Every structure is written in C-alpha cells, then in structure tokens.
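# Chain and residue survey
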Amino acid sequence: AQSVSQHNHHVILSEAASLELGCNYSYGGTVNLFWYVQYPGQHLQLLLKYFSGDPLVKGIKGFEAEFIKSKFSFNLRKPSVQWSDTAEYFCAVNAKAAGNKLTFGGGTRVLVKP
Amino acid sequence: DVKVTQSSRYLVKRTGEKVFLECVQDMDHENMFWYRQDPGLGLRLIYFSYDVKMKEKGDIPEGYSVSREKKERFSLILESASTNQTSMYLCASSPLGGGSTEAFFGQGTRLTVV
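I will try to describe carefully the structure that is included in this document. Model, not experiment: these values are computed from the prediction.

### Let's talk about the packing of aromatic side chains
All names here are of chain A. Scanning the model with the defined rule gives 14 aromatic pairs over all chains in all. Pairing Y36 with F104 gives two aromatic rings, centres 5.7 Å apart and planes at 50°, and the pair type is tilted. Of the two residues, Y36 sits in strand β5 (residues 31–38) while F104 sits in strand β11 (residues 102–104), which places them 68 residues apart along the sequence. By relative accessible area, which is 0% here, Y36 ends up buried.

Here it is in structure tokens:
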C-alpha cells in the first residue's frame with residue numbers, strides 16, 4: 001500500500017477557481033514534506049517544502065500548503081488558478097521512519113480550462 | 001542552476017536486451033536517485049546512492065541494478081529488459097541534509113520495451 005496518498009487523480013476547473021489538492025501520509029515521527037509540479041513536457045520542480053516551524057508554507061506561483069500533524073496531511077492550495085497551472089502535482093514525504101527515502105504520492109493531474 | 005542530465009529522452013529496446021540509462025549531475029551532490037513514473041502510481045524509487053560505490057535498494061529494485069563509479073554519474077541497468085519495464089525513468093540528485101533538502105530532477109527517459 002502506498003504510504004503517501006493523493007485523493008484525486010484528475011481535477012478539472014476553470015480559471016479563477018480555487019484549487020485544493022489533498023495529501024495524506026502514514027509515517028509517524030519526523031517528516032519533511034514537499035509538493036512538486038510537472039508542467040507538460042518539463043521536468044519535475046519544487047513548488048514548496050515544509051521542514052519545521054510555521055505549518056502554513058508559501059511556495060512559488062501563489063501556491064501554499066498547510067501541514068496538519070494530527071491529520072497526517074499536507075494539502076496544497078491556490079486561491080485563484082490560471083491556465084498555466086495545468087500540470088501534474090506530486091506530494092512527497094521524506095520520513096525518518098522510512099529511512100529518509102523520498103516517497104511520492106500517485107500524482108494529481110490538474111487541467112485548468114481557459 | 002543545478003543540472004541533472006539524462007543521456008536519452010526516448011529509447012526503444014527489445015525484450016531481453018541489457019539496457020543502460022545514464023544520469024549526470026553538475027552540482028557535486030552526494031545523493032542520487034532513480035525513479036520510475038507510471039500513471040496513477042506516481043514516482044516509485046528503484047535505487048538510490050549516497051556516495052560513490054554505495055547503493056541502497058528502493059521500493060522496486062527487482063530487475064534493475066545500478067552503478068556509481070564517479071560522484072557525478074549514476075547509471076541504471078536493466079539486466080534483461082521486459083515489457084513491464086516500459087516506463088518513464090527519472091533521475092534525481094540532492095545534497096546531504098538528512099532528508100530536508102530538495103531533490104533536483106532530470107527530464108526523464110521514456111523507455112519502451114517491445
């Protein structure tokens with residue numbers, strides 16, 4: 001079973017709509033959390049990351065994510081999407097309990113209609 | 001900018017062939033990784049290496065081996081390619097950091113085994 005779960009495989013929405021992508025993980029203890037994005041034809045790149053401190057993390061391109069330890073979640077949000085946000089989004093967790101291997105969720109494909 | 005370069009974007013190989021996928025990074029990173037990316041499954045770790053000549057199995061090492069003779073180069077070897085190894089292969093590198101550092105990805109190699 002996957003240890004990092006992304007709730008939606010596909011999301012379709014219109015420009016200016018709000019986006020929230022869910023991510024849950026199953027590791028206890030110390031975790032480092034990441035969201036990566038893969039635009040069509042491009043390599044994976046980091047959107048944002050959480051290691052410690054403020055659980056609300058701001059990343060590039062207006063994205064943010066909130067770490068809720070009690071829910072083992074790290075959901076990604078953007079208040080108003082643009083057509084250029086069409087991409088595949090991956091949640092990833094690096095957990096001490098898993099030998100510090102970076103484990104990815106299944107990905108969510110987001111299509112923003114112009 | 002960190003650059004992770006994979007030697008081929010597309011490869012077509014026959015069943016039973018020995019296949020080499022090459023990856024080079026230019027930032028003197030200690031850690032290097034090989035993932036395969038399949039729709040709905042996200043990225044799954046095949047092998048990783050934290051130093052020259054060191055390697056660790058990831059989640060799906062069966063049918064693969066790796067080689068790291070130089071710090072900047074990490075090779076993935078398919079000993080006898082099979083059709084179920086048709087996939088997108090991604091190489092990544094990261095500096096030492098106990099799991100809190102960002103991984104940088106190459107463009108990927110799309111391998112088709114016929």
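Still to come is the rest of the account.
### Structural notes on the nonpolar core
Grouped together as the largest cluster of nonpolar side chains are 31 residues, with contacts concentrated most on A:W35, A:L48, A:L76 and A:Y89. The dominant element in this core, judged by the number of residues it contributes, is strand β10 (residues 87–95) of chain A, at 5 residues.

### Comments concerning the sheet that holds strand β1 (residues 4–6) of chain B
Residues and elements named next belong to chain B. A sheet is described by the order of its strands in space; here 4 strands give the open sequence β1-β3-β8-β7, paired in antiparallel fashion. Strands with a single pairing partner mark the edges of an open sheet, and in this sheet they are β1 and β7 (64–70). In this sheet, adjacent strand axes meet at a mean angle of 20° when their direction is disregarded. In the sheet, strand β3 (residues 19–25) pairs with strand β8 (residues 73–78) via 6 bridges, with the strands oriented antiparallel. Residue pairing in the sheet places V24 in a bridge with R73 of β8.

### Looking at the interface of chain B and chain A
In this assembly, 22 residues from chain B lie in contact with 21 residues from chain A. Both sides together, the interface formed by chain B and chain A hides about 1700 Å², and carbon and sulfur atoms give 51% of it. Counting the contacts that link chain B with chain A gives 0 salt bridges. For the interface between chain B and chain A, the tally reads 5 residue pairs in polar contact (both at pLDDT 80 or more). The biggest single contributor to the side of chain B that touches chain A is strand β5 (residues 42–49) of chain B, with 4 residues. Across the side of chain B that touches chain A, the residue classes tally to 8 nonpolar, 10 polar and 4 charged.

Basis of the calculations
- Residues numbered from 1 in each chain as written.
- Chains lettered and ligands numbered in written order.
- Predicted model: local features only at pLDDT ≥ 70, side-chain atom pairs only at ≥ 80, totals over all residues.
- Heavy atoms only, no water.
- Phe/Tyr/Trp six-rings, centres within 6.5 Å; stacked < 30°, edge-to-face > 60°.
- Helix = DSSP H or I, 4+ residues; strand = E, 2+ residues; numbered from the N terminus.
- Buried < 20%, exposed > 50% of the residue type's maximum accessible area, 1.4 Å probe, protein only.
- Core = buried A, V, L, I, M, F, W, Y, C linked by side-chain atoms within 4.5 Å.
- Pairing = 2+ DSSP bridges.
- Axes fitted to C-alpha atoms, helices over the stretch in contact; angles between N-to-C directions.
- Contact = heavy atoms within 4.5 Å.
- Buried area = accessible area lost by both parts, 1.4 Å probe.
- Salt bridge = Lys/Arg side-chain N within 4 Å of Asp/Glu carboxyl O.
- Polar contact = N/O pair within 3.5 Å; in protein donor to acceptor, adjacent residues only side chain to side chain.
- Nonpolar A, V, L, I, M, F, W, Y, C, P; charged D, E, K, R; others polar.

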